[in-house]
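Single-letter residue listing:
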Amino acid sequence: MSEAVLLIGTKKGLWIGRSDAGREHWTLDGPHFEMQGVYSVGVDTRGDRPRLFAGGTSEHWGPAVFHSDDLGRSWDEPPEGSIGFPADAGASLERVWQIQPAPADQPGVVYAGAQPSSLWRSTDGGVTFELVRGLWDHPHRKDWGEGFGGQAIHTVLPHPTDPDRMSVAMSTGGVYQTEDGGRTWRPANHGIKAYFLPDPDPEFGQCVHKLAAHPDAPDRLYAQNHHGVYRSDDGGAIWKSIADGLPSDFGFPIVVHPHEPDTVYVFPLIADGNRIPTDAQCRVFRSRDAGATWEPLTKGLPDVPSYAPVLRDALCVDAGSPAGVYVGTRDGCVYASADAGDTWTEVARHLPDVLTIRAAVLS
Amino acid sequence: MTIQVKLPTVLRPFADGRERVEVEPSADATVGSVFATLERQHPALRRRLTDDQGTLRRHVNVFLGDDNIRDLDGLDTKLPDGAELLVLPSVAGG
């Protein structure tokens with residue numbers, strides 16, 4: 001029997017939702033990793049059995065990456081840790097912001113994005129990772145800035161068919177891409193504004209909040225920035241605004257429908273200086289034409305005034321059919337849609353701040 | 001030379017469940033050399049006390065008697081034979 005799993009990383013631990021494949025009725029268990037901020041979670045569905053990941057940070061005892069091969073009933077990590085900077089790097093791991101399995105034709109390869117801004121590659125299924133030196137040694141690194149949440153690589157987008165190509169996004173710093181398996185990297189931010197810098201059109205230094213892409217349209221990228229929603233149709237060479245039709249161009253997450261490359265979701269906030277939902281309403285906005293037009297999704301989302309933002313990794317889709325869409329808020333609520341966003345149900349309320357969610361339908 | 005490291009409950013799972021870990025560093029024992037020995041004996045424990053570069057984590061306190069080692073010589077604090085280090089989390093966080 002197929003089932004669905006929903007990982008909810010919060011400021012004070014991980015909750016795990018379980019459902020049948022219909023994804024209408026969820027049961028939650030948790031917290032796992034009490035008092036740890038779980039900033040990254042992942043589901044690797046490529047192997048014989050799914051592997052779950054959780055990247056936690058204890059304020060006292062530091063960061064760690066755990067994996068589970070029994071759907072979260074037990075967790076493991078190597079004694080030496082999964083991710084640690086070598087002595088000559090002169091840095092210490094502060095937080096893991098992203099855990100991203102590579103495409104299915106690269107079994108065992110898992111990427112991680114971390115703070116301070118660093119990319120990590122695993123070839124043993126995400127148990128141990130090595131620093132991608134080509135990006136760490138980039139001459140721009142000393143000039144990458146620090147956003148409110150810290151300086152981190154928070155998005156890792158492997159190319160779906162070319163293992164040598166990849167995009168990463170960092171705050172601040174912008175989008176960087178490689179075409180040679182990570183040896184060399186170049187910024188890819190042309191057209192993205194950085195109003196907070198003296199030069200609003202810098203080569204790098206933009207504050208991208210999240211990147212998204214669909215495997216069937218790998219040259220099309222979407223980005224939610226610190227004021228700016230953009231699309232690139234040429235693999236990131238040039239970006240153009242798709243914010244018209246949205247109530248605000250500020251927000252954190254952006255995700256693409258698992259089966260429709262033109263369908264994309266965002267959660268607008270009023271502005272940098274007023275980070276609450278537009279019109280004080282909890283609404284996900286959906287475009288089905290690659291950002292030309294947008295519609296608010298409301299059915300089943302709360303119809304009372306809502307002031308809780310959605311963070312960069314707290315909006316996700318699963319690969320079910322119809323697609324599932326999930327959103328977690330900073331006031332500890334999680335809503336799920338089993339019909340691509342048309343209707344929503346409440347999965348959880350009164351959790352700690354939701355930092356990240358990931359969902360998967362398992363066969 | 002033997003040094004005892006007394007652990008708070010939350011860290012005991014990283015030391016086979018024990019409240020005290022016995023460490024035998026080199027003759028000129030310091031807090032740092034005790035931690036270096038822990039790296040070999042209990043790497044999962046050491047990682048929670050110090051970061052990738054060996055620096056004591058900000059909210060971890062290590063006491064020698066009644067003295068926080070930050071008020072002594074930090075990781076260079078010399079330890080007499082039979083000393084006991086007490087590890088305690090600081091009162092921090094929300």
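The name an unreviewed UniProt entry assigns to chain B is ThiamineS protein, from the organism Kribbella flavida.

Under the annotation held in an unreviewed UniProt entry, chain A carries the name Glycosyl hydrolase BNR repeat-containing glycosyl hydrolase and is attributed to Kribbella flavida.

(A) Local environment of the packing of aromatic side chains. Residue and element names in this part refer to chain A. The final tally for this structure, using the stated rule, is 10 aromatic pairs over all chains. Look at Phe85 and Trp136: their rings are 4.8 Å apart centre to centre, the planes differ by 45°, and that puts the pair in the tilted class. Here Phe85 is found in the loop between strand S6 (62-68) and strand S7 (95-101), whereas its partner Trp136 is found in helix H1 (residues 133-136), with 51 residues between them in sequence. Three or more aromatic residues joined by ring pairs form one cluster here, namely Phe33, Phe66 and Trp75. It is Arg95 that lies over the ring of Tyr39; its NZ or CZ is 3.8 Å from the centre.

(B) Seen up close, the side chain of Gln151 of chain A. Residues and elements named next belong to chain A. Relative to the elements of secondary structure, Gln151 occurs in the loop between H1 and strand S11 (152-158). At 3.0 Å, the side chain of Gln151 and the backbone nitrogen of Ser117 are in polar contact. The residues contacting Gln151, other than those within four sequence positions of it, are Ala114, Gln115, Pro116, Ser117, Arg141, Trp144, Gly145, Glu146 and Ser171.

(C) Layout of the interface of chain B and chain A. Counting residues at the interface gives 20 residues for chain B and 22 residues for chain A. Buried surface at the junction of chain B and chain A, both sides included, amounts to about 1500 Å², of which 50% is carbon and sulfur. When residues of chain B are sorted by the area they lose upon contact with chain A, Arg47, Asp52 and Gln53 of chain B head the list and together hold 37% of the total. Residue Glu77 of chain A is joined to Arg47 of chain B by a salt bridge in which the shortest nitrogen-to-oxygen separation is 2.9 Å. Joining chain B to chain A, the criterion identifies 14 residue pairs in polar contact (both at pLDDT 80 or more). Secondary-structure elements contributing two or more residues to the side of chain B that touches chain A are helix H2 (43-49) and strand S5 (84-89) of chain B. For the side of chain B that touches chain A, the per-class residue count stands at 11 nonpolar, four polar and five charged.

(D) Quick peek at unusual backbone geometry. Residue and element names in this part refer to chain A. Of the consecutive residues Gln115 and Pro116, the connecting peptide bond is found in the cis state with omega at 0°. Along the chain, Pro116 turns up in the loop between strand S8 (110-115) and strand S9 (118-122). Backbone torsion omega between Ser171 and Thr172 reads -15°, so that peptide bond is classified as cis. Phi angles above zero are rare outside glycine, and Ala280 is one such case at about 55°. Since its relative accessible area comes to 17%, Ala280 is described here as buried.

Calculation notes
Residues numbered from 1 in each chain as written. Chains lettered and ligands numbered in written order. Predicted model: local features only at pLDDT ≥ 70, side-chain atom pairs only at ≥ 80, totals over all residues. Heavy atoms only, no water. Phe/Tyr/Trp six-rings, centres within 6.5 Å; stacked < 30°, edge-to-face > 60°. Helix = DSSP H or I, 4+ residues; strand = E, 2+ residues; numbered from the N terminus. Lys NZ or Arg CZ within 6 Å of the ring centre and 35° of its normal. Polar contact = N/O pair within 3.5 Å; in protein donor to acceptor, adjacent residues only side chain to side chain. Contact = heavy atoms within 4.5 Å. Buried area = accessible area lost by both parts, 1.4 Å probe. Salt bridge = Lys/Arg side-chain N within 4 Å of Asp/Glu carboxyl O. Nonpolar A, V, L, I, M, F, W, Y, C, P; charged D, E, K, R; others polar. Buried < 20%, exposed > 50% of the residue type's maximum accessible area, 1.4 Å probe, protein only.

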